[in-house]
Amino acid sequence: SINYTGRISLVPILDGNIVDDADLPNLKIWNILRSGSTSSCAYLWTQTRREDAQVCYAMTYQFFKNNKETTANPIRIEKEKQTGFSVGADVKPGDNVTLIKYTAIASSLYHERSELVEHSVAEAREAKSIGWNTLVEEHRRAWQEIWDETDVVIEGDPEAQQGIRYNIFQLYQTYRGDDPRLNIGPKGFTGEKYGGNTYWNTELCCVPFFLLSTPKEIAKNLLAYRYNQLPKAIENARKLGFKDGAALFPQVTNNGEECHSEWEITFEEIHRNNIIVYAIVQHAALTGNMDYIAKYGLEVMIAVSRFWSQRVSFSQPKQKYVILGVTGPDEYENNVDNNWYTNYSCIQCLKMTLRFLEMVAQQTANWEKTEAFDKTEAILQANPDLDGIICGNDTMLEGAAAACEAAGLNIPIIGVDGSDEAAALIRDGKATGTALQQFALMAQMAVEQADTYLKDGSTGLDEKQLVDCVAITKDNVENLKTFVYTEDGADAADAETTEETTEETTEETTEEAAE
């Protein structure tokens, strides 16, 4: 107080009546499920009206007079949409009072709904026990790490510098990047308009920033958000008559379903599909890593390409493919034909999908070959007397043969003689081939099916004998025992023992090994 003598009161509350006066003053998206307070903590349990997401806010406080905490009994405020306290003290000139408000938020995204009040109240009290100074220091350290990674320095233009830092601040206030179920709403935390839903603006405007300035896991989680909603995108397209796994991602969503109500936006602004593909390609280009595309992204790209293969039509007069009845990204005109942005981005989407299909196929082959080499090497060390190896495809055959050659071992390898490399291994006597032999050996009726095939003598195997061997398949991480025909003799007792063991294990290993 400078010149005031008397009673001063401060009112820390949680208020469920807040609306966005600038945009939609009459729009209230929250239902108040319950509010309440104890002697030191108040809470407000809320629910969104449409999606039934639930959030509970809890608040407690510290009240100081002249830097000394006071514990005077507060006046409780308990209204339908407002809860909190009124605390005060008598002051005279020279006195000072300080109120510190601690608020915690618990969401049904992370907690059981029945436990939201308990979690939020506990977190608020924990924050109070930690104290203001420690929390502020933790907050400063967290933001310093963000600025160290993302700050953009503009020399000679203070307004531009303030503007870029304000926007970076807004992005990080809205999205931390640690949960692929979440995304970035168009207005962030600055208002309730758009209801916190996600637009294609995320891929257009936000993903490039996170790709160029932060740990790439943040951008990857934004891409994963779309991947996780791919089934809904396929469902959205199916409702419009598309088939065969074609996908149309929604214009507005928070769970993968289309939430926009204007037909010229929902059904015609279909260029949004392409920017999602573009973001996936940018992730691969800027990270230099194909893992995301190989495991997730390519599936999205193929589904989007299937959409375009059905959305385009062929114009006989033009002798070209056309895209009719769209709304471009500027939204100036609806139901136009051959919007440049839509057509061009569609072409790039199809080209990139074809390109990455080839790249991923080659990379997958390299991965499998390396995986087979490593597995075979480990298997050979654990099983020095191994009689044979069965591989699930050509690339695994090549890796297994290379591992045997590196170990100086001549072990029969059964594979599929499809690729040139596998055929060369078979011609050189380093492996045994043919798809018929591969799958016959893995079937329940291996003896009957393979016996007829072996009679023509093409394999050079004069005597069939069941022996232990190891199957290397795509998903196999352990040594699976199955059976294979070899020339090596063995007495009948050994054969019977092996056959009995084989019959017990074949049923559970056949499906995996045949891959």
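Cut-offs applied
- Residues numbered from 1 in each chain as written.
- Predicted model: local features only at pLDDT ≥ 70, side-chain atom pairs only at ≥ 80, totals over all residues.
- Heavy atoms only, no water.
- Core = buried A, V, L, I, M, F, W, Y, C linked by side-chain atoms within 4.5 Å.
- Buried < 20%, exposed > 50% of the residue type's maximum accessible area, 1.4 Å probe, protein only.
- Helix = DSSP H or I, 4+ residues; strand = E, 2+ residues; numbered from the N terminus.
- Contact = heavy atoms within 4.5 Å.
- Polar contact = N/O pair within 3.5 Å; in protein donor to acceptor, adjacent residues only side chain to side chain.
- Expected span 1.5 Å × (residues − 1).
- Arc of directions from axis to C-beta.
- pLDDT = per-residue confidence, 0-100.
- Salt bridge = Lys/Arg side-chain N within 4 Å of Asp/Glu carboxyl O.
- 1 Å grid on protein atoms, 1.4 Å probe; cavity = no way out; pocket = protein on both sides within 12 Å on 5 of 7 lines; lining within 4 Å.
- Points joined across faces, edges and corners; volume = space filled by probe spheres on them.
- Nonpolar A, V, L, I, M, F, W, Y, C, P; charged D, E, K, R; others polar.
- Phe/Tyr/Trp six-rings, centres within 6.5 Å; stacked < 30°, edge-to-face > 60°.
- Pairing = 2+ DSSP bridges.

Colleague: With reference to specific residues and values, describe the nonpolar core.
Modeller: Residues Y172, F210, I293, M301, W308 and F356 are the most contacted members of the largest nonpolar core, which totals 51 residues. With nine residues, the single largest contributor to this core is helix α9 (residues 291-311). Contacts of W308, omitting those with residues within four sequence positions, involve I270, N273, N274, I323, T342, C346, C349 and L350. With 16 residues, the next largest nonpolar core counts L380, C404, I413 and A431 among its residues.

Colleague: Give a description of the side chain of S37 that names residues and reports values.
Modeller: You can see S37 is positioned in strand β3 (residues 30-37). One polar contact links S37 to E78, side chain to side chain, over a distance of 2.5 Å. Once residues lying within four places of it in the same chain are set aside, the contact partners of S37 are A42, Y43, R76, E78, T83 and F85.

Colleague: Break down helix α2 (residues 132-150) for me, with residues and values.
Modeller: Compared with the 27 Å implied by 1.5 Å per residue over 19 residues, the 27 Å span of α2 between its first and last C-alpha is a close match. Burial in α2 covers these residues: V136, W143, I146 and T150. Buried residues of α2, viewed axially, fall in a sector of 85°; they line one side. Exposed side chains of α2 directed beyond 90 degrees from the buried face belong to N133, E145 and D148. Looking at the buried side of α2, the elements it contacts are α3 (158-174) and α4 (201-213).

Colleague: Outline the confidence of the model for the chain, supporting the account with residue identities and numerical values.
Modeller: Interpretation of this model should avoid reading the predicted coordinates in detail wherever pLDDT is low. Put simply, the chain has an average pLDDT of 81, and 79% of its residues get 70 or more. Predicted confidence for residues 434-450 stays below pLDDT 50, and this span has 41 contacts to residues more than four positions away or in other chains. Long-range and interchain partners of residues 457-515, a stretch whose pLDDT sits below 50, account for 117 contacts in this model, where long-range means more than four residues apart.

Colleague: Outline the pattern of salt bridges, listing residues and values.
Modeller: Under the counting rule described, the total for this entry stands at twelve salt bridges. Here D95 ties to K92 by a salt bridge, and the two come within 3.6 Å at their closest N and O atoms. Ionic pairing is found between K232 and E257, a salt bridge with its closest N-O pair at 2.8 Å. Residue K232 is found in helix α6 (residues 230-239), and its partner E257 is found in the loop between α6 and α7 (263-266); the two are separated by 25 residues along the sequence. Classification of K232 as partly exposed rests on a relative accessible area of 26%. On the basis of relative accessible area, E257 is assigned to the partly exposed category, the value being 33%.

Colleague: Residue-level account of the layout of surface pockets, with values.
Modeller: Size it by volume and the second largest pocket reaches roughly 300 Å³. Forming the walls of the second largest pocket are 16 residues, and the residues nearest its centre are L171, I184, G185, P186 and C206. Listed by contribution, the elements that provide at least two residues to the lining of the second largest pocket are α3 and α4. Ranked by the residues each element gives to the lining of the second largest pocket, the list is headed by α3, at five residues. Across the lining of the second largest pocket, the residue classes break down as seven nonpolar, eight polar and one charged.

Colleague: With reference to specific residues and values, describe the packing of aromatic side chains.
Modeller: The geometry of an aromatic ring pair comes down to the distance between the two centres and the angle between the two planes. With the rule as written, the count across this model stands at 13 aromatic pairs. Taken together, Y172, Y175, F209 and F210 form an aromatic cluster joined through their ring pairs.

Colleague: Could you give an account of the pairing of β3, naming the residues involved and the relevant values?
Modeller: Pairing between β3 and strand β4 (residues 41-48): seven bridges, direction antiparallel. Bridge assignment links S35 to a residue of β4, and that residue is L44. If you look at the hairpin formed by β3 and β4, you'll find three residues sitting between the two strands.

Colleague: Can you tell me about the environment of H111, naming the residues and giving the values?
Modeller: The topology assignment puts H111 in the loop between β9 (97-107) and α1 (116-130). A C-alpha to C-alpha distance of 9.6 Å links H111 and V55, two positions 56 residues apart in sequence. The contact partners of H111, leaving out residues within four places of it in the chain, are A106, L116 and H119.

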